[in-house]
Amino acid sequence: MDLLTVIGFLLSVGFMLFGILFNTDTGQIIPGNIWSFVDYGSIAITVGGTFASLMISCSPKAFLNIPAHLKIVLFPTKYDSLKYIDQIVEFAKEARMKGLLSLEEKLNYTKDEFLKSSLLLVVDSVEPEKVKQLLEAELDYMDERHSQARSFYEKGAQFAPAFGMIGTLIGLILMLKDMQDASVIGPAMAVALVTTFYGSVLANVIFTPIANKLKMRHDEEYLCKMLICEGVQAIQAGENPKFIEEKLTMLLPGNLKRKKERRTQSIAGTAEAKSA
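Residues numbered from 1 in each chain as written. Predicted model: local features only at pLDDT ≥ 70, side-chain atom pairs only at ≥ 80, totals over all residues. Heavy atoms only, no water.

1. Considerations on a nonpolar patch on the surface
This is how it is decided: Patch construction takes residues with relative accessible area above 30% that form no salt bridge. Like charges are linked within 9 Å, and nonpolar side chains (Val, Leu, Ile, Met, Phe, Trp, Tyr) are linked within 5 Å. Accessible surface is estimated by sampling points in the Shrake-Rupley manner with a 1.4 Å probe; for residues, cover comes only from the protein chains shown. For this analysis, a salt bridge means a side-chain nitrogen from Lys or Arg found within 4 Å of a carboxyl oxygen belonging to Asp or Glu. For the exposure calls, accessible area comes from a 1.4 Å probe over protein chains only, and a residue counts as buried if that area is under 20% of its type's maximum, exposed if over 50%, partly exposed in between.
Residues Met1, Leu3, Ile7, Leu11, Phe15 and Phe75 make up a contiguous nonpolar surface patch of about 660 Å² in total accessible area. With relative accessibility at 54%, the residue Leu3 sits in the exposed group.

Next up, the structure:
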């Protein structure tokens, strides 16, 4: 489980509740304050309106995929780009010593289906240009598929504040229609503003964080699949395994590149100590 996501969500809710319940004048928690933020009409306008607009804007599949997206956010598949580089280099060494056909047996123990299918194209002697086209098409398809998944939550983040404002306008209109009793203006204004609060919470605590997390998961997977694409093409071209390792390392972001360099230095130091 991604504990950072769970902790972040709980903290955001906890801080909001603290701000609502805590009285700075007396320094006490006042549970009754919570009822000032409960208005069923506002909930209907903001939450109902947001999801109604999502129904208009998105396909039924987008709603059916919500549980799968939440699983990706909370229980992500680990994509370790450094391990992928090590694995690709091992395949490159095997192919250089024993030939491409020798990879077929080793692929039976490979868990990553994309890596397996990509190398099988090479083993089956598919033309390099076709291999490149197929791998790039797979990357483009994945990028588009993930972008469509994120767009559902990005749209929700746009609609929620808008419906919060619509609810506020409705409340203000109803309040201004009856201005004879000045004592009701304050409470009516408070109710009108509650919808803006609901819209902001939906956008900034639910929709936007989910969209951002899905983007982060996509970036991790995309990097690893890009390494596979480049590595497989390099293996097919018969490039030196050491050169392949350096080539793939150059594709890593700065933090992972430094981690890779530290690990390489550590392995080299261990090897020198054993030889001494």
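On we go from here.
2. Let's talk about the nonpolar core
Under the convention used in this document: As used here, the term nonpolar core means buried Ala, Val, Leu, Ile, Met, Phe, Trp, Tyr and Cys residues forming a set that is joined through side-chain atoms within 4.5 Å. What counts as a helix is a DSSP run of H or I of at least four residues, what counts as a strand is a run of E of at least two, and both are numbered from the N terminus.
The biggest cluster of nonpolar side chains holds 29 residues, and the ones touching the most others in it are Leu119 and Ile235. Elements that contribute at least two residues to this core include exactly helix 5 (81-98), helix 6 (103-107), helix 7 (113-123), helix 8 (128-177), helix 9 (185-236) and helix 10 (241-249). By size, the runner-up hydrophobic cluster in this structure holds 14 residues, among which are Leu54, Leu202, Ala203 and Ile210.

3. Some remarks on the packing of aromatic side chains
Worth spelling out the cut-off: Pairing of aromatic rings covers Phe, Tyr and Trp, the last through its six-membered ring, and needs centres within 6.5 Å; plane angles under 30 degrees mean stacked, over 60 mean edge-to-face, and all others mean tilted. Working rule: Lys NZ or Arg CZ, within 6 Å of ring centre, within 35 degrees of ring normal, means a charge sits over the ring.
Taken as a whole and assessed by the stated rule, the structure comprises six aromatic pairs. For the ring pair Phe18 and Phe22, a centre distance of 4.9 Å and an interplane angle of 15 degrees mean the geometry is stacked. Classification of Phe22 by relative accessible area gives partly exposed; the value is 29%. The interplanar angle of 85 degrees and the centroid separation of 5.0 Å between the aromatic rings of Phe152 and Tyr153 together place this pair among those described as edge-to-face. Accessibility expressed as a relative area gives 3% for Tyr153, which makes it buried. Aromatic rings pair up to connect Phe37, Phe197 and Tyr198 into one cluster. If you follow Lys225 out to its NZ or CZ, it ends over the ring of Phe114, 5.0 Å from the centre.

4. Concerning the environment of Glu261
Position of Glu261 among the secondary structure elements: in helix 11 (residues 254-275). Between the C-alpha atom of Glu261 and that of Thr249, which follows or precedes it by 12 residues, the distance is 9.0 Å.

5. As for the packing of helix 5 against helix 10
Definition in use: Under this scheme, a helix contributes an axis fitted over its contacting stretch, all axes are lines through C-alpha atoms, and angles between N-to-C directions fall in the 0 to 180 degree range. Here roughly perpendicular refers to angles of 65 to 115 degrees, roughly parallel to angles under 35, roughly antiparallel to angles over 145, and oblique to all remaining angles. Note on convention: near helix rotated counterclockwise from far helix by under a right angle means a left-handed crossing. Clockwise means right-handed. Contact criterion: two residues are considered in contact whenever any of their non-hydrogen atoms come within 4.5 Å of each other. Any residue that is not Ala, Val, Leu, Ile, Met, Phe, Trp, Tyr, Cys, Pro, Asp, Glu, Lys or Arg is counted as polar, Gly included; the first ten are nonpolar and the last four charged.
Viewed as axis vectors pointing N to C, helix 5 and helix 10 meet at an angle of 155 degrees, and their least axial separation amounts to 9 Å. Relative to helix 10, helix 5 is oriented roughly antiparallel. In the crossing of helix 5 with helix 10, the sense of the turn from one axis to the other is right-handed. Taking contact as the criterion, the partners of Ile85, Ile88, Val89, Ala92, Lys93 and Arg96 in helix 5 are, on helix 10, Pro241, Ile244, Glu245, Leu248 and Thr249. When the residues that make up the contact of helix 5 with helix 10 are grouped by side-chain class, the tally is seven nonpolar, one polar and three charged.

6. Section: the packing of helix 7 against helix 8
Helix 8 packs onto helix 7 with a crossing angle of 160 degrees between their chain directions and a minimal axis gap of 10 Å. One way to sum up the angle between helix 7 and helix 8 is to call them roughly antiparallel. Handedness of the crossing formed by helix 7 with helix 8: right-handed. Touching Phe114, Ser118 and Leu121 of helix 7 are Val131, Leu134, Leu135 and Glu138, all from helix 8. For the contact of helix 7 with helix 8, a count of residues per class yields five nonpolar, one polar and one charged.

7. Re a positive patch on the surface
This is how the line gets drawn: Only four residue types enter the charge count, namely Lys and Arg as positive and Asp and Glu as negative; His and the chain termini do not. For the purpose of locating charges, the reference atoms are NZ of Lys, CZ of Arg, CG of Asp and CD of Glu.
On the surface, a cluster of positive charge is contributed by Lys83, Arg258, Lys259 and Arg262. Here the positive patch takes three residues from helix 11, the largest share from any one element. Within the secondary structure layout, Arg262 lies in helix 11.

8. A look at the pattern of salt bridges
Under the counting rule described, the total for this entry stands at six salt bridges. The residue Glu94 makes a salt bridge to Lys98 at a minimum N-O spacing of 3.7 Å. Residue Glu94 and its partner Lys98 are located together in helix 5, separated by four residues, close to a single helical turn. On the basis of relative accessible area, Glu94 is assigned to the buried category, the value being 12%. Given a relative accessible area of 59%, Lys98 falls into the exposed group. A salt bridge links Lys247 to Glu239; its shortest N-O distance comes to 3.9 Å.

9. A short note on helix 8
Using the following cut-off: Here the expected span of a helix is defined as 1.5 Å times the quantity of residues minus one. Bending is quantified residue by residue as the angle between axes fitted to the seven-residue window ending at that residue and the seven-residue window starting at it.
The first and last C-alpha atoms of helix 8 sit 73 Å apart over 50 residues, in line with the 74 Å expected at 1.5 Å per residue. A bend of about 25 degrees at Ser151 is the largest found in helix 8.

10. Regarding the confidence of the model for the chain
Test applied: Values of pLDDT, the confidence the predictor places in each residue, fall between 0 and 100.
Averaged over every residue, the pLDDT of the chain is 86; the share at 70 or more is 92%. Element-level pLDDT for the chain is lowest in helix 11, with a mean of 66, against a maximum mean of 93 in helix 4 (residues 66-74).

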